[in-house]
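One-letter residues, chain by chain:
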Amino acid sequence: KEILATVAAIETVAGRPPVGWHTRSAPTADTRALLVENGFLYDSDAYNDDTPYFVHVNGHRHLVLPYAFDTNDMQFQNTNRYATGAEFAHYVCAAFDWLHDEGMVFPRMLSIGLHLRMIGRPGRIGALQAIFDHLARKGGAWLATREQIARHWIARSPADAGGAV
């Protein structure tokens, strides 16, 4: 019921329904089944990896795009992990560098959670520019929406592969 109400609200505002899902708090044991039943491409209710992977839900293959809290600007507020934008940028760039190197062997994805009320503050917005500058200098990054990542991963993953490809 809540998922359908959320889909309807987003479709009303955005003009189309969402294709992915992230439960802000803990999902229930039934969340993925409800998402599959309602045609979602993916969910991000996992914090356990840096690579998309498939799970089996009621006989269907369902994509999980893991989410990350450590490279999320909410850490300015929730934990005060970052005192300055520069600290956040440094951490995100270090995470990118590590995953970039691992990505030479295995696919990797870096989630960067951004919120206007956090990164958009005058003392923090420069961090976003520093991150973009770093990605451009290093090269090899694809800046994509979660929907783009999901469609890319699904299109390139054999249906009989089961888990992560």
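Please refer to the structure higher up on the page.
A brief look at the structure comes next. All figures in this text were calculated on a predicted structure; none of them were measured in a lab. (Residues numbered from 1 in each chain as written. Predicted model: local features only at pLDDT ≥ 70, side-chain atom pairs only at ≥ 80, totals over all residues. Heavy atoms only, no water.)

1. Regarding the overall build of the chain
Link 1 in the chain: Helix and strand counts for the chain stand at seven helices and four strands.
Link 2 in the chain: Order of helices (α) and strands (β) in the chain, N terminus to C terminus: α-β-α-β-β-β-α-α-α-α-α.
Link 3 in the chain: For the chain, the C-alpha radius of gyration of 17 Å lies close to 15 Å, the compact-globule estimate for 165 residues.
Link 4 in the chain: Its C-alpha atoms put the chain at 45 × 40 × 30 Å along the principal axes. (Helix = DSSP H or I, 4+ residues; strand = E, 2+ residues; numbered from the N terminus. Rg over C-alpha atoms; globule rule 2.2 N^0.38 Å.)

2. Description of the sheet that holds strand β2 (residues 42-43)
Link 1 in the chain: Within the open sheet, the four strands sit side by side as β1-β2-β4-β3. Their pairing is mixed. The open sheet has two edge strands, β1 (20-21) and β3 (53-57), and neither has a second partner.
Link 2 in the chain: One ladder, built from five bridges, connects β3 with strand β4 (residues 60-64); its direction is antiparallel. Pairing of F54 across the sheet is with L63, part of β4.
Link 3 in the chain: The strands touched by helix α7 (residues 146-155) within the sheet are β2, β3 and β4, with β4 carrying the most contacts at an inclination of about 135°. (Pairing = 2+ DSSP bridges. Contact = heavy atoms within 4.5 Å. Axes fitted to C-alpha atoms, helices over the stretch in contact; angles between N-to-C directions.)

3. Let's talk about unusual backbone geometry
Link 1 in the chain: The backbone phi angle of N58 is positive, close to 50°, even though this residue is not glycine.
Link 2 in the chain: By relative accessible area, which is 63% here, N58 ends up exposed. (Buried < 20%, exposed > 50% of the residue type's maximum accessible area, 1.4 Å probe, protein only.)

4. Some words on the nonpolar core
Link 1 in the chain: Of all hydrophobic cores here, the largest spans 14 residues; its most connected members are F76, F88, I119, A127 and I131.
Link 2 in the chain: When contributions to this core are tallied by element, the ones reaching two or more residues are α4 (85-102), α5 (116-119) and α6 (125-138).
Link 3 in the chain: At five residues, the largest contribution of residues to this core is made by α4.
Link 4 in the chain: When residues no more than four places from it in sequence are discounted, the contact partners of F76 are Y82, A83, T84, G85, F88, M118 and R124. (Core = buried A, V, L, I, M, F, W, Y, C linked by side-chain atoms within 4.5 Å.)

5. Details of the side chain of E147
Link 1 in the chain: With respect to the helices and strands, E147 occurs in helix α7.
Link 2 in the chain: The exposure class of E147 is buried, given its relative accessible area of 17%.
Link 3 in the chain: Setting aside residues up to four positions removed in sequence, E147 forms contacts with R16, V19 and Y42.

6. Quick look at the layout of surface pockets
To find leftover empty space, one rolls a probe the size of a water molecule over the atoms.
Link 1 in the chain: In this structure, the largest pocket occupies an estimated 1,000 Å³ of space.
Link 2 in the chain: Together, 31 residues line the largest pocket, and M109, L110, W142, A144 and I149 are the ones closest to its centre.
Link 3 in the chain: Secondary-structure elements contributing two or more residues to the lining of the largest pocket are α4, α6 and α7.
Link 4 in the chain: Residue classes in the lining of the largest pocket are distributed as 20 nonpolar, nine polar and two charged. (1 Å grid on protein atoms, 1.4 Å probe; cavity = no way out; pocket = protein on both sides within 12 Å on 5 of 7 lines; lining within 4 Å. Points joined across faces, edges and corners; volume = space filled by probe spheres on them. Nonpolar A, V, L, I, M, F, W, Y, C, P; charged D, E, K, R; others polar.)

7. Focus: α7
Link 1 in the chain: The set of residues buried in α7 consists of E147, I149, A150 and W153. One side of α7 carries all its buried residues, which in axial view fall inside an arc of 160°.
Link 2 in the chain: Where α7 is buried, its residues meet β2, β3 and β4. (Arc of directions from axis to C-beta.)

Functional significance is not addressed by these values, which are geometric in nature.
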